[in-house]
Structure formats: C-alpha cells, structure tokens
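Residue-level listing of the chains:
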Amino acid sequence: TLSQGQRRRATLARLALEREASLWILDEPYDALDSDGIEAVNALLAEHLARGGSVLLTSHQAAGTSAPPMNVFDLDAFA
C-alpha cells in the first residue's frame, strides 16, 4: 500500500503528461507532500504556465520559494 504522500505524487504525476495549454484546477496539491514533492509540483506548474496554460488552486500551505509567480487571493479577508 502507498502512503498518502505517495498516492498524492502518483496522482500529480499525471500532470507531467499533459501537454495542452489548458486550465488546471487543483484542490490542495501540496497536501501530504514533503519539500521535494512541493518543488516538483511547482516545477510542473511553471512548465504548464510557460506553455500558456492556466492554474487555479486552493491551498492551506505555502507554495514554497520555488513557486512560480502567482496572484494570491486570501479568502479569510472576506470572512
């Protein structure tokens, strides 16, 4: 059996196969990942954005220093 982090990595690995400039909607993509996993996700996001794609994601964790430039909307400000 795989750990939660390993299952998350396997699911996110499918993004590496995507080559079309499309919209990715990701719910908590950093959840259960270690720092290497977060860097890998950020690399996938940067490659996707460089191809002209878009990303909308939710997260309760920081994206880390390797994250591509983002517009951040803090919904707590509206609560």
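Just above sits the structure.
Every chain is numbered on its own, with residues counted from 1 as its sequence reads. The predicted nature of this model means local features are confined to residues of pLDDT at least 70 and side-chain atom pairs, given and counted, to a pLDDT of 80 or more, with totals for whole chains, interfaces and linings taken over all residues. Hydrogens and water molecules were not included; the side-chain quantities draw on all heavy atoms of the structure.

Trainee: Explain the environment of Glu-20 to me, please; I cannot follow it from the model alone.
Mentor: With respect to the helices and strands, Glu-20 occurs in the loop between α1 (4-13) and β1 (23-27). Sequence spacing of Glu-20 and His-48 is 28 residues, and the spatial spacing of their C-alpha atoms is 8.4 Å. In this text, helices come from DSSP runs of H or I with a minimum length of four residues, and strands from runs of E with a minimum of two, each type numbered from the N-terminal end.

Trainee: For this particular structure, what's the right way to read unusual backbone geometry?
Mentor: For residues that are not glycine, phi is negative in most cases, and the peptide bond is trans in most cases. Notably, Glu-28 is not glycine yet its phi reads approximately 55°, a positive angle. Within the fold, Glu-28 resides in the loop between β1 and α2 (35-50). Phi is positive for Ala-32, which is not a glycine, with a value near 70°. Note on exposure labels: buried denotes an accessible area under 20% of the residue type's maximum, exposed denotes more than 50%, and partly exposed covers the range between, all computed with a 1.4 Å probe on protein chains only. For Ala-32, a relative accessible area of 33% gives the class partly exposed.

Trainee: So what exactly am I meant to see when it comes to α2 here?
Mentor: In an α-helix, one turn spans 3.6 residues, which is why side chains three or four residues apart end up on the same side. For a helix, the expected span equals 1.5 Å multiplied by the number of residues minus one. The end-to-end C-alpha distance of α2 is 22 Å, a good match for the 22 Å that 16 residues give at a rise of 1.5 Å each. Regarding α2, the residues found buried are Gly-37, Ile-38, Val-41, Asn-42, Leu-44, Leu-45 and His-48. Projection of α2 onto a plane perpendicular to its axis shows the buried side chains occupying an angular sector of 160°, all on one side. Turned more than 90 degrees away from the buried face of α2, the exposed residues are Ser-35, Asp-36 and Ala-50. What makes two residues a contact is simply this: any of their non-hydrogen atoms within 4.5 Å. Tucked into the core, α2 has its buried residues touching α1, β1 and β2 (54-58). The arc in question is the one traced by the directions running from the helix axis out to the C-beta atoms.

Trainee: Teacher, can you tell me more about the pattern of salt bridges here?
Mentor: Where charged atoms of side chains with opposite charge meet at close range, the side chains can pair. For this analysis, a salt bridge means a side-chain nitrogen from Lys or Arg found within 4 Å of a carboxyl oxygen belonging to Asp or Glu. Across all of its chains, the model carries two salt bridges by this definition. In this structure, the salt-bridge partner of Asp-34 is Arg-9, at a minimum N-O distance of 2.5 Å. Here Arg-9 lies in helix α1 and Asp-34 lies in the loop between β1 and α2, a separation of 25 residues in the sequence. In this structure Asp-34 comes out as partly exposed when scored by relative accessible area, which is 41%.

Trainee: Explanation requested: the nonpolar core in the structure shown.
Mentor: The nonpolar side chains of a soluble globular protein tend to be buried, and buried together. What we call a nonpolar core is a set of buried Ala, Val, Leu, Ile, Met, Phe, Trp, Tyr and Cys residues that are connected through their side-chain atoms within 4.5 Å. Counting residues in each nonpolar core, the largest one holds eleven residues, listed as Leu-12, Leu-15, Trp-24, Leu-26, Tyr-30, Leu-33, Ile-38, Val-41, Leu-44, Leu-45 and Ala-63. Sorting the residues of this core by element identifies β1 and α2 as the ones contributing at least two each. Here the element with the most residues in this core is α2; it accounts for four residues. Not counting chain neighbours up to four residues away, the residues in contact with Trp-24 comprise Leu-15, Glu-18, Leu-44, Leu-45, His-48, Arg-51, Ser-54, Val-55 and Leu-56.

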